[in-house]
Amino acid sequence: SLPSVRGTHVESLEKCDMAEGSCLLRKMEISVAEAEKRTGKNAVNMQETYTVYLIETSVTEGHNPVPDSLWRRYSEFELLRNYLLVTYPFIVIPPLPEKRAEFVWHKLSADNMDPDFVERRRIGLENFLLRVASHPVLSSDKIFFLFLTENGWKEAVFETGFLAKSDSRLKALNATFRVKNPDKRFSELKHYSDELQSVTSQLLRVRARVADRLYGVYKVHGNYGRVFSEWSAIEKEMGDGLQSAGHHMDAYAASVDDILEEEEHYADQLKEYLFYAEAVKAVCRKHELLQYELETASQDLASKKQQQEELAAGTVRTFSFKGMTSKLFGQETPEQREAKLKVLEEQIKEGEVTVTEKTLECEEFVKNAWKDIERFKEQKDHDLREALMSYAVMQISMCKKGIQVWTNAKECFSKM
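Keep in mind the model is a prediction, meaning the values are calculated, not measured.

Enquirer: Talk me through the nonpolar core; I want residue IDs and the actual numbers.
Expert: Grouped together as the largest cluster of nonpolar side chains are 65 residues, with contacts concentrated most on Ile30, Leu80, Leu129, Leu148 and Phe186. The biggest single contributor to this core is helix H9 (residues 256-313), with 13 residues. Setting aside residues no more than four positions away along its own chain, Leu148 makes contact with Leu24, Met28, Ile30, Ile55, Thr57, Leu70 and Leu129. Listed in part, the 18 residues of the second largest apolar core include Ala211, Tyr218, Leu242 and Met394.

Next comes the structure, spelled out in structure tokens:
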């Protein structure tokens, strides 16, 4: 059952953006083939256990069919994603799978070293790489290619000035500011992202509660099996029928583990869009910041022009400490005023250049961001439709298995 879940997702990735631009998946096959637990010393020389993931790549064009492979830790995937966030602020960067299990039902382990969780995270990390490799812009990034193919890729990341950019991005995104004239489209998109997070988290909570109940219902059918088996021991003519019915009940009770394991993969697809909502909000936040910088630059320029007019006319309409000083200690000389006007003239020229640059930067960001948001919306609609339909098909199949079990039991009873 598992390959069908993953297969649907991979197929949608390859279809989604292959038509646009240069796509890495045209030239290279990418997979996260396996996960391995290791023990070693961390940065502060303490022993730790961690998981590494084997990335395999093979070139589909040319004469090198032998796959290359290298191991990566989850923290390296985080570094790659942070680099992409800083470098492409106008793009909805694909999210990583969760670091620790969320929305788990009681039987599922929340331990990030649990083999089932590690396996689901392996699939999620492969999905992340395929998302990036199928993106019309991200797939051409040199650092991403180095991440897939070179052990020394981190040095290349730091050579890009990533740390300084990352630090300034964090400060900017954590700063408190209010835009006077927000773009309605981005405001609505931010609100939609909040709503998407809310409904997907509610859906995941409901699904976890249902999984708990379902597990109990299936497992309690094992009691039918035990009772039928015990009953068969005291019967002659009815014994075989009861024993057979008991076997069907035992098989039904045991089948829930595989069913809920498959369900987890559908839950992971929903979780991806729970985390995607944050990525969309990051784009909206960046736009707010650019808009705020443009408004601040425009306001500063208007203030400088007003000062220039007042100084030229010899009037000061706004209160200032300097204005108060001049009243107390006498007016400025014409030379002093001329010098100030000259400084203001230079500042106004610089301000006009800054406003022009900020306007162009904002317009370019909006154009690129909106193009990617439209691409993302199409991808989201396709993926969630497929995931929900597949989930419904799985539920139907599960119900049919339940009907089949009781049909088989009925046949066993009829032969008694």
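Enquirer: Describe the sheet that holds strand E2 (residues 47-59), and please don't skip the residues or the numbers.
Expert: Ordered by their spatial adjacency, 3 strands build an open sheet running E1-E2-E3, and the pairing between neighbours is antiparallel. Strand pairing shows two members of the sheet lacking a second neighbour, strand E1 (28-41) and strand E3 (68-73), which therefore form its edges. Across the sheet, the axes of successive neighbouring strands diverge by a mean angle of 25°, strand direction being ignored. Relative to E2, E1 is paired through 13 bridges, and the arrangement is antiparallel. What sits directly across from Gly40, in E2, is Glu48. The strands touched by helix H2 (residues 74-87) within the sheet are E2 and E3, with E3 carrying the most contacts at an inclination of about 90°. Contacts from helix H4 (residues 142-149) reach E1, E2 and E3 within the one sheet, and its direction differs from that of E3 by about 100°.

Enquirer: Just give me the short version of helix H7 (residues 184-232), but keep the residues and values in it.
Expert: A rise of 1.5 Å per residue sets the reference length of H7, with its 49 residues, at 72 Å; its end C-alpha atoms lie 72 Å apart and thus fit the reference within 8%. Put simply, Asp183 is the residue that caps the front of H7, since its side-chain oxygen is 2.9 Å from the backbone nitrogen of Arg185.

The rules behind each value
Think of each chain on its own: its residues are numbered from 1, step by step along the sequence as written. Where totals are concerned, whole chains, interfaces and linings use all residues; where local detail is concerned, this predicted model gives features only for residues with pLDDT of at least 70, and gives and counts side-chain atom pairs only at 80 or more. Side-chain descriptors were evaluated using all non-hydrogen atoms of the structure, hydrogens and water having been removed beforehand. Here the nonpolar core consists of buried residues drawn from Ala, Val, Leu, Ile, Met, Phe, Trp, Tyr and Cys, with membership extended through side-chain atoms lying within 4.5 Å. The cut-offs for exposure are 20% and 50% of the maximum accessible area for each residue type, with area from a 1.4 Å probe on protein chains only; residues under the lower value are buried, those over the upper are exposed, and the others partly exposed. Numbering goes from the N terminus for both helices and strands, where a helix is a DSSP run of H or I of at least four residues and a strand is a run of E of at least two. Contact between two residues is taken to exist if any of their heavy atoms lie within 4.5 Å; hydrogens are not considered. Following DSSP output, two strands are said to pair if at least two bridges run between them. Note on method: axes are straight lines fitted to C-alpha atoms, helices fitted across the in-contact stretch only, with angles between N-to-C directions ranging 0 to 180 degrees. The span you would expect from a helix comes to 1.5 Å times its residue count less one. Under the rule applied, a polar contact is a pair of N or O atoms within 3.5 Å (in protein, one hydrogen donor and one hydrogen acceptor; residues adjacent in sequence only if both atoms are side-chain atoms).

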